[in-house]
Amino acid sequence: MTIILSLEQTHMRLVHSPIFLGLVVLAASPSFSKAVTEADLRSHIGILASDAFEGRKPGTAGEAKTVKYIAKAWAKAGLKPAAADGSWFDPVPLIQRGQCISKHAFTAKGRPLRIGSDDIILIGKQASYIRGDLPLVFVGRGVTTQGNVAADVKGKAAIILFDAENVAEGMKSPRARREALIAAGAEAVIFVADSRGNWPTLRRQLLSRPITLEGREKRAPLEGAISTEFAVGLVTAAGQDWDKLRANAKQADYAGEALGIDADLDVKTDLYRFNSSNVIGKIAGRKKNSGALVFMGHWDHLGICAPEGAPDRICNGAVDNASGIAVMNEVAKALAKKKHDRDIYFLATTAEESGLLGAYAFADKPVLPLDQIILTLNIDTIAIAPRGSKVAIIGRGTTPLDAVVETVAKKAGRTIEESTDANAFIERQDGWALAKKGVPALMVGGSFADLNLLQKFLGSDYHGPNDALTDRTELGGAAEDADLHIALGRHFADTRKYKSKKAGE
Ligand SMILES: [Zn+2]
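Cut-offs applied
- Residues numbered from 1 in each chain as written.
- Predicted model: local features only at pLDDT ≥ 70, side-chain atom pairs only at ≥ 80, totals over all residues.
- Heavy atoms only, no water.
- Domains from an automatic or database assignment.
- Contact = heavy atoms within 4.5 Å.
- Buried area = accessible area lost by both parts, 1.4 Å probe.
- Salt bridge = Lys/Arg side-chain N within 4 Å of Asp/Glu carboxyl O.
- Core = buried A, V, L, I, M, F, W, Y, C linked by side-chain atoms within 4.5 Å.
- Buried < 20%, exposed > 50% of the residue type's maximum accessible area, 1.4 Å probe, protein only.
- Helix = DSSP H or I, 4+ residues; strand = E, 2+ residues; numbered from the N terminus.
- Arc of directions from axis to C-beta.
- pLDDT = per-residue confidence, 0-100.
- Donors = N, O, S within 2.8 Å, 3.2 Å for Na, K, Ca; no water.
- Tetrahedral: all angles 85-135°; square planar, octahedral: opposite > 155°, others 65-115°.
- Phe/Tyr/Trp six-rings, centres within 6.5 Å; stacked < 30°, edge-to-face > 60°.
- Disulfide = S-S within 2.5 Å.
- Pairing = 2+ DSSP bridges.
- Right-handed = clockwise from strand over helix to strand, strands pointing away.

Draft legend 1. Quick peek at the domain arrangement of the protein. According to the domain assignment, the protein consists of domain 1 (7–93 + 275–492) and domain 2 (96–271). In this structure, domain 1 and domain 2 have C-alpha centres spaced 41 Å apart. Listed per partner, the contact involves 10 residues of domain 1 and six residues of domain 2. Counting the surface lost from both domain 1 and domain 2, the interface buries some 710 Å², and carbon and sulfur atoms represent 59% of this. Across the contact surface, domain 1 and domain 2 share one salt bridge. Among the ionic pairs, Asp 364 bridges to Arg 216, the shortest N-O distance being 2.7 Å.

So, in structure tokens, the structure goes:
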């Protein structure tokens, strides 16, 4: 890849060399402010991704340290707190569920069934779930090839196969099929690990104490999973044929079969409700009602993620996403030095790793009307590419802003990745929560311009204890992208340079 230095970039190099340092003061031109360096970013990442922060998992001591560090950095930069209550911290109500005690008995025509397997995990929506005579219905894959639930599951326990063959496009994921059953009124949704290797996966998922967002949960009163052995033992004891049930489930319009089995259940669930925080700061604009620009990035990561006894148990999340917070801190510092026309918000979200939950919480209860946001720029996993990388746009083609972003990027000496390949990641980043509500949301930078390089990270250190800060962590592209975000901030916050129809101008 060739790097063509623009005139402006050459000039910037000159004024930053020690000999020309005096000229910076003389020129006093705001566009020639100090470039963000690798060392600037390294100092933030070194703290956020240190073992002392324990992998920044929501609801832990690591969260407390993280959100405090961000608020302190933003206060020092000159931002004002902008959460709904006037503080830096907007509460995000989260729930974590763990398996506790499950007492279960199954009967057929009043006769207790002996199953011969203990492979069952049951987790309630509430801390206590007690229910007698809950009828079991086998629903195959849960949905037909048309994508609807044909089985009568209302008030019943749906026994559903985990594997997705012969179902409608868009319903392949266990989550989509599970939600369809819940919408159809299922009292319980219990997955069967129907092929080799599925049971450990299901078991791990259910026992991993997943975090959900209060008020946005789609959850049946009871959920769980059983192994194939358990399923076979259960239906055989009731006088039925498992292989025949599975074969029947291959029909395109399979409507399920009542199993003639009832469950008596007493399930206690370890329920942990807590408030996590989105950190929100602001640079107030000088023109009222001219709209706002939002920078966002997630502060959370996976916490202590490796099993006991592992040499390194902490997922430090240096690239994902201490790097994004580091860039945001430097962007805040640079932009707060000067007044802008529009408000500029900075939003560090929680629980992105659990499904963009902090971003969804913000979208549901924003601290400013969403239709006032002219653009949100999400910053995630930015420390991938070296200096000189092209600029890609996640969300390319979804807003009328691509040309504006490209003009700013070219002016900063960058070249543009013209393809829309990076859009493969559009639903995997926080901006999606706002895009779904009609807010123009983009991710701009070099880390997803070369997808081979990104895949190399995703296939190795990503979401493991090796995503830690080392001497080899590439921060060149991130520093360059930080400068680009500063330039984008200046451009979009200026009502003369960027006129937004949205803000009524
Ligand atoms: Zn992640």
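Draft legend 2. Quick look at the nonpolar core. Grouped together as the largest cluster of nonpolar side chains are 71 residues, with contacts concentrated most on Trp 74, Val 279, Phe 295, Phe 346, Val 444 and Phe 492. No other element matches the 11 residues that helix 9 (residues 318–335) contributes to this core. Within the second largest apolar cluster, 32 residues are counted, among which are Ile 226, Val 235, Ala 238 and Ala 263.

Draft legend 3. Looking closely at helix 3 (residues 38–48). When helix 3 is considered as a whole, its buried residues turn out to be Asp 40, Leu 41, His 44, Ile 45 and Leu 48. For helix 3, the buried positions fall inside an angular range of 120° around the axis, keeping them on one side. In this structure, the buried residues of helix 3 make contact with helix 4 (61–77), helix 9 and helix 14 (476–492).

Draft legend 4. Geometry of the confidence of the model for the protein. Within the protein, residue pLDDT values average 91, and 92% of them lie at 70 or more. The model gives residues 1–31 a pLDDT under 50, and that stretch makes 30 contacts with residues more than four places away or in other chains.

Draft legend 5. A look at the coordination of the zinc ion. At 2.0 to 2.2 Å from the zinc ion lie its protein donor atoms, namely Asp 320 (OD), Glu 353 (OE), Glu 353 (OE) and His 463 (NE2). Each of the four donor atoms bound to the zinc ion contributes to angles spanning 59 to 148°, and the resulting shape is irregular. Looking at Asp 320, the relative accessible area reads 2%, which means it is buried.

Draft legend 6. The environment of Ile 280, seen in detail. As for its placement among the helices and strands, Ile 280 is situated in strand 10 (residues 257–283). A residue is classified by how much of its surface remains accessible, and Ile 280, at 1% relative accessible area, is buried. Separated by 94 residues in the primary sequence, Ile 280 and Ile 374 place their C-alpha atoms 17 Å from one another.

Draft legend 7. Local environment of the packing of aromatic side chains. Scanning all chains against the criterion turns up 10 aromatic pairs. With a centroid separation of 5.7 Å and an interplanar angle of 85°, the aromatic rings of Phe 162 and Phe 191 are classed as edge-to-face. With Phe 162 in the loop between strand 6 (157–161) and helix 5 (174–183) and Phe 191 in strand 7 (residues 188–193), this residue pair connects regions lying 29 residues apart in the sequence. Like Phe 162, the residue Phe 191 is buried in the burial classification. Among the aromatic residues, those joined into a ring-pair cluster are Trp 74, Trp 88, Phe 295 and Phe 346.

Draft legend 8. Spotlight on the state of the cysteines. Enumeration according to the criterion identifies one disulfide in this entry. One disulfide in the model links Cys 305 with Cys 315; its S-S distance is 2.0 Å. Residues Cys 305 and Cys 315 share a disulfide whose torsion about the S-S bond is about 85°; that sign makes it right-handed. Within this pair, whereas Cys 305 is found in the loop between strand 12 (303–304) and strand 13 (314–315), its partner Cys 315 is found in strand 13, the two being separated by 10 residues in sequence.

Draft legend 9. Structural context of the pairing of strand 6. Counting buried positions along strand 6 yields five of five residues, so the element is predominantly enclosed. Covered by surrounding structure in strand 6 are Ala 157, Ile 159 and Leu 161 together with Ala 158 and Ile 160, the residues of both alternating faces. Taken together, the three bridges between strand 5 (residues 128–138) and strand 6 define a ladder with parallel strand orientation. Considered in strand 6, the bridge of Val 137 is made with Ala 158. Direction of pairing for strand 6 relative to strand 7: parallel, over a ladder of five bridges. The residue bridging Ile 160 from the neighbouring strand is Phe 191, located in strand 7. Regarding topology, helix 5 serves as the crossover connection from strand 6 to the parallel strand 7, and that connection is right-handed.

Draft legend 10. Expanded view of helix 5. Buried within helix 5 are the following residues: Ala 176, Arg 177, Arg 178, Ala 180, Leu 181 and Ile 182. In this structure, the buried side of helix 5 is in contact with strand 6, strand 7 and strand 9 (222–227). Backbone geometry just downstream of helix 5 places Gly 185 in the positive-phi region, at approximately 95°.

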